[in-house]
Amino acid sequence: MTRSTDLIHHPYQPPAEFDAPQVGVFKASTVIFPNVAAMRTREWLNKSSYTYGLHGTPTTFTLEERLATLEGGTHCILTPSGLAAIAHVDLALLKAGDEVLIPDNAYGPNKALAEGELARFGIDHQFYDAMNPHDLSARITARTRLVWLEAAGSVSMEFPDLVALVQLCKARGVMCALDNTWGAGLAFNAFDLTPGQGDAPLGVDLTIHALTKYPSGGGDVLMGSIITRSDALAKTLKLSHMRMGTGVGANDAELLLRSLPSLALRYRAQDLAARQLAAWCQHQAAFVQVLHPALPGGPGHDHWERLCVTPKEPQGLAAGIFSVVVDSRFDAHQVDAFCDALRWFKIGYSWGGPMSLVVPYHLGAVRQLANAHLHAGRVVRFCIGLEAVQDLQDDLAQALRQLPT
Ligand SMILES: *Cc1c(COP(=O)(O)O)cnc(C)c1O
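Reference entry: report on the structure contained in this document. The shown structure was predicted, so the numbers you read here are calculated from the model rather than taken from an experiment. (Residues numbered from 1 in each chain as written. Predicted model: local features only at pLDDT ≥ 70, side-chain atom pairs only at ≥ 80, totals over all residues. Heavy atoms only, no water.)

1. Topic: the state of the cysteines
Going through the model one piece at a time under the given rule, you end up with zero disulfides. We note that Cys383 lacks a disulfide partner, and the nearest cysteine sulfur, in Cys339, lies 11 Å from it. By relative accessible area, Cys383 is classed as buried at 2%. (Disulfide = S-S within 2.5 Å. Buried < 20%, exposed > 50% of the residue type's maximum accessible area, 1.4 Å probe, protein only.)

Now the structure itself:
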């Protein structure tokens with residue numbers, strides 16, 4: 001035997017008593033079977049064994065189990081990004097002739113996917129007003145196969161009456177999928193929404209998350225998840241997942257496993273800081289509206305309160321992200337200059353990481369429906385990181401002072 005063959009067949013065995021609390025990083029394409037019979041009979045679909053790296057490793061299975069536990073689901077599938085999770089749900093569940101309904105205030109690329117690939121595949125879509133269950137009801141037809149939900153909505157941060165929307169989907173026999181990135185599995189229970197005293201609990205059919213945001217928390221990993229309690233749905237999604245080959249790398253899964261234990265702490269800290277800053281923004285003359293569902297007067301505050309304020313969480317929980325509407329006497333250039341003047345808030349997409357971020361938006365350009373509840377003016381979204389709150393407030397104050405009076 002040559003040494004190069006020896007090198008490849010080195011008799012490495014993981015030490016049996018190396019019992020560290022951290023999950024090992026198992027990296028593999030090939031998984032070796034003891035014989036052909038084992039190769040033929042091993043089952044990857046129900047995760048009872050390992051067959052190929054793309055079908056799962058001890059590292060990814062562990063992450064999937066922990067994410068499902070966090071949200072109260074029973075099955076979890078990992079995808080290479082949050083957007084890939086959305087795309088996976090659409091492609092696994094929809095066919096030509098079906099229609100999907102998406103909130104007009106949904107994460108933008110969810111809508112763009114419907115306008116692009118889904119339309120090209122003969123799958124129709126409509127955007128609905130998430131703040132008006134009657135609007136959703138009026139749009140559901142015999143061809144409606146899937147309804148997307150998002151709470152709170154992207155950028156304008158409206159918190160919908162999620163219970164009413166889910167009840168509507170159930171009553172009409174339509175599947176509903178929640179983009180639960182904002183709630184992170186902490187702010188409310190997507191699979192156990194409580195409609196009211198004495199009512200049976202109610203849940204969405206599946207959730208997706210951009211793990212890229214809070215679960216990662218570092219601003220350094222892209223990953224997504226799909227979680228459900230339905231065995232049948234899990235099987236459909238898993239088979240598609242295998243056929244489309246959208247697995248994740250073990251090193252990325254490891255980073256998620258490392259960040260998850262501090263998820264609740266970070267979420268709470270960023271929530272507290274964001275609410276303090278949003279409340280301060282309510283007193284700034286240049287901001288005519290503050291869009292944060294946990295703030296009295298914020299869009300959908302009552303819905304947020306009903307779902308997220310519980311005896312266990314008397315203050316409720318919310319993501320550390322909010323927007324302001326800037327007085328319409330300031331033009332787009334002046335609003336951009338305000339963002340440029342910020343020192344600690346960096347200009348960039350995403351949220352849930354250690355660094356505070358800012359993005360100006362022109363909502364009219366990305367919304368199809370009227371937004372009567374929004375005041376006129378440019379929208380600026382702030383994502384609150386882990387800096388000292390006073391520093392962030394001082395930063396906002398100095399950038400505001402640079403606006404013309
Ligand atoms: C960021 C985000 C996504 C997409 O996540 P990526 O990992 O960046 O693809 C989906 N939905 C919401 C609500 C998001 O904020």
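2. Let's talk about the packing of aromatic side chains
The tally for this structure, following the rule as stated, stands at nine aromatic pairs. With a centroid separation of 5.3 Å and 25° between ring planes, the pair formed by Tyr50 and Phe61 is classed as stacked. Residue Tyr50 is found in the loop between α2 (36-41) and α3 (58-71), and its partner Phe61 is found in helix α3; the two are separated by eleven residues along the sequence. Measuring from centroid to centroid gives 6.4 Å for Phe338 and Phe382, while their planes differ by 85°, and the two rings are edge-to-face. Remark: Phe382 occurs in strand β12 (residues 379-383) and Phe338 occurs in helix α12 (residues 332-341); sequence separation between them is 44 residues. We note that Phe338, like Phe382, is buried. Three or more aromatic residues joined by ring pairs make a cluster, and in this case those are Phe287, Phe322, Phe338, Phe345 and Phe382. The residue whose ring lies beneath Lys111 is Phe127, and the NZ or CZ to ring-centre distance is 4.7 Å. (Phe/Tyr/Trp six-rings, centres within 6.5 Å; stacked < 30°, edge-to-face > 60°. Helix = DSSP H or I, 4+ residues; strand = E, 2+ residues; numbered from the N terminus. Lys NZ or Arg CZ within 6 Å of the ring centre and 35° of its normal.)

Interpretation in functional terms is not warranted from these geometric data alone.
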